[in-house]
Structure formats: C-alpha cells, structure tokens
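Next come the chains, spelled out residue by residue.
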Amino acid sequence: MQNIMVTGGCGFIGANFIRFLFEETDFSGRIVNVDALTYAGNRDSLSDIEKQYTDRYVFHKVDICDAPALEELFTSYSIDTICHFAAESHVDRSIVRPDAFVQTNVIGTFNLLEIARKHGDKLKLLHHVSTDEVFGSLGKEGFFTETTRYQPNSPYSASKAASDHLVRAYHETYGLPITMSNCSNNYGPYQFPEKLIPLMILNARDRKPLPVYGDGSNVRDWLYVSDHCDAIWTIMTEGKRGETYNVGGDNEMANLEVVNTICRLIDEILPDKNQDPRSELITFVKDRPGHDWRYAIDFSKIRTELGWQPKESFSSGIEKTIRWYFEHSEWVDRVLSGEYQDWIEEHYG
Ligand code: NAD
Ligand code: TYD
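Residues numbered from 1 in each chain as written. Chains lettered and ligands numbered in written order. Predicted model: local features only at pLDDT ≥ 70, side-chain atom pairs only at ≥ 80, totals over all residues. Heavy atoms only, no water.

Asks: Describe the sheet that holds strand β10 (residues 244–247), with residues and values.
Replies: Spatial strand order, β3-β2-β1-β4-β5-β6-β10: 7 strands in an open sheet with parallel pairing. Each edge of the sheet is formed by a strand with only one pairing partner; in this case those strands are β3 (57–61) and β10. Strand-to-strand twist of the sheet, defined as the mean angle between neighbouring strand axes without regard to direction, takes the value 20°. Docked against the sheet, helix α1 (residues 12–24) engages β1 (3–7), β2 (30–35), β3 and β4 (81–84), running at close to 175° with respect to β2. Packed on one face of the sheet, helix α5 (residues 98–118) meets β1, β4 and β5 (125–131) and runs near 170° to β4. (Pairing = 2+ DSSP bridges. Helix = DSSP H or I, 4+ residues; strand = E, 2+ residues; numbered from the N terminus. Axes fitted to C-alpha atoms, helices over the stretch in contact; angles between N-to-C directions. Contact = heavy atoms within 4.5 Å.)

So, in structure tokens, the structure goes:
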C-alpha cells in the first residue's frame, strides 16, 4: 500500500485516521484525501499535517458522486488502496433529509466500487468503514456478531447497509479485494458537535440545556476514535480479504449515564460553587423516531484473529475528549459558524 485514497478524510474519523497513519504507524507512502467538505468536513482539522507532509499528503475537494473527478485522481496518483469513510453520518439528519444519505452513502460508494473495479489490476485493497447500526436494535441481552442479520431502522443505517451489501457483492462477483468493519459509536477529538458527546460537552460548558431523547435509557457502546483507527489499520494490513470485522469499545453505557459523567467531570474541571451542578441542565425531550434501544458489539473475531483490542477506557477517553474540546474552542467556533446553524434553524426552529 503506497498510494492510499482516503475518502471523507476531513471528517471526524477520517481526519483522526490520517493523523494516526502519519504519527503512529510505519506507513511510508502517500495519502490522497478526497472530501467534498460538507458541513461536517473541515480541512483545517489537518492543517498541521498538510504543512508537515507536503510530499506525502494531498487534499482534493471532490464529491465521491462525481465519477469522472474520482477517476482522474485515481489515475494521476496511481491509487492502489482505498479507505472509504465519506458518508452522511448523522441519524437525526437522515430522518429529515434522507435523500443526501442515499446519494452519498449508496451512489457514492457505488461510484468508488466501479472505479476500483476498472482499476482492478492495480488495486490492492478497498476498506469500507461501516457501522453496527446496520444490525438494528438489541434488547437487554446479546451482542452483534459479524453474522447477525441486517435489520437497519433509520435512513442512515439503511443507506450504510446498502453500501455494505454492494461492497460485499463486488468481492463475490468481481473478486475485488475488500475488507469491511462495522463499529460502535466513536468519540474523541474533531467530532462535529451534533453527536451526543461533543454536543453535551459544549452545552454543559456553556450551561445550556442538555437534551436527552426519551428517558435516556438507550444504550450505546463507546469506542475511542484512536482505537478505531488502530483497528482499521490492523484490518487493512493483516485482515483477510473479503472479510468483515466488528469493532467495539467494551464500554456499554446508557445515554443518561454518559451525560451525567460529562456533567460531573466538567463540574470538576470548571468548578463554580455559586452554580447548580451541571446535571441540573439535563432536559428530557421528545424521543427520536425509530430510536434503536441498544447497540453492543461482540468483537472476538478481530481480537482472536488479528490481536486487536481497545486500549482506552471510557473514563480516561471522556476526560481527554472534554479537555480537547475546551482547548480547541477556535476549531469549535469555526465548524459551527456555517451551514449547521442554518440547518438547525430550518429544522428545529
Ligand atoms: P463525519 O460526518 O464526521 O465525516 C464525514 C466526512 O465525509 C466529512 O468530511 C464530509 O465532508 C465527507 N463527505 C460527505 N459526503 C461526501 C461526498 N459526497 N463526497 C466526499 N466527501 C463527503 O463522519 P464520521 O463520524 O467521521 O464517520 C466516518 C465513517 O465512519 C462513516 O462512513 C460512518 O458511517 C462511519 N461510522 C461512524 C461512526 C461514528 O460514531 N462517528 C460509527 C460507526 C461508523
Ligand atoms: P448520536 O451521537 O446521534 O449517535 P447514534 O444515533 O448514531 O447512536 O446519538 C447517541 C445516542 O444519544 C442516541 O441514543 C441518541 C442520543 N442523543 C440524545 O439523547 N440527545 C442528543 O441531543 C443527541 C444528538 C443524541
């Protein structure tokens, strides 16, 4: 793997992954970051990397639905590997605007697969990054395994499920060298503050209401983003072609517990005796339609076959994340300055 095309490299996980490859691995090739810079993509999440690795890192603002533009990049950079992150990724948005999800997640992935197929002789690997949400919702018991039946419930998870099926089919039908991963909820630096953890950190800091959907009993498994990046790279370098791997954080928690933990830590970091504890800001709001109750991952396959397991505990990871957001208010202000605010106004008033 010498010339890796990373799609969606200006988003949360993609940016962390590019940083991880340069800083934490012995990868010595070039990364071509292809990102359309939607509201969730921020080129300056990698501005230091862009300056430091001028000969090994290049950015192109390209939509993965634009097949000719992708094709041009493929040829001019002799791409031999693809790591595919680009997606519309927020469930709440998919409920109000599913069209963008079908377009990017399904059609965009299809475009990429077609180009990969055309260049099949040069292609070493296409790694597709997916989610455990494709498996639907669990009750109190059980875990998702790689063979759990797909049963997506939101337009987001349905569009990711469709893309997973296409990737798998291109392996079975055309012999495309692929690997896939389905992981649990990520958290850490550079996550756009519409997802639960960064939204609660910033609202709690600013003493704004903390909107918890339903009764807050929904359970998610939390995976620190650098553990996820490590898992992806492990799969890309050591995973069996044609296989899919589940990646989990071993940190199942109810939403209310997550929000309370954030409140308690911020009260410690920014103490103020004259104010109520931040948990008083928790506001139970109308539940998300089709809200999956519990996600939990059995990641024994990647652990036993590839020797990967998560390193970060939730208590250390969440504290690092809170401190990162506090120290990067400029980044936060920049990412919140644009289209997101307009969108919130339009859809939530
Ligand atoms: P994100 O929303 O933070 O970033 C997505 C990136 O894709 C952005 O930089 C955006 O500009 C880019 N993008 C969107 N549409 C594009 C298009 N048409 N062409 C090119 N670029 C486009 O998402 P994320 O949280 O970093 O997620 C990355 C991947 O990981 C996604 O495929 C997502 O489904 C998957 N995933 C995420 C999580 C999570 O907890 N965040 C969990 C499991 C799986
Ligand atoms: P989210 O971060 O949107 O990830 P996902 O829906 O992909 O799991 O939400 C995580 C959980 O937190 C989910 O159960 C919905 C809930 N949630 C809230 O209660 N309030 C919020 O403001 C948000 C954004 C999410």
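Asks: Tell me about the pairing of β5, and please be specific about residues and values.
Replies: In terms of residue burial, β5 counts as a mostly covered element, since 7 of its 7 residues are buried. Neither face of β5 is exposed, since L125, H127, V129 and T131 on one face and L126, H128 and S130 on the opposite face are all buried. Relative to β5, β4 is paired through 4 bridges, and the arrangement is parallel. The partner of I82 across the bridge, within β5, is L126. Sheet topology places β5 next to strand β6 (residues 178–183); 6 bridges connect them, and they run parallel. Within β6, the position partnered with H127 by the bridge is T179. (Buried < 20%, exposed > 50% of the residue type's maximum accessible area, 1.4 Å probe, protein only.)

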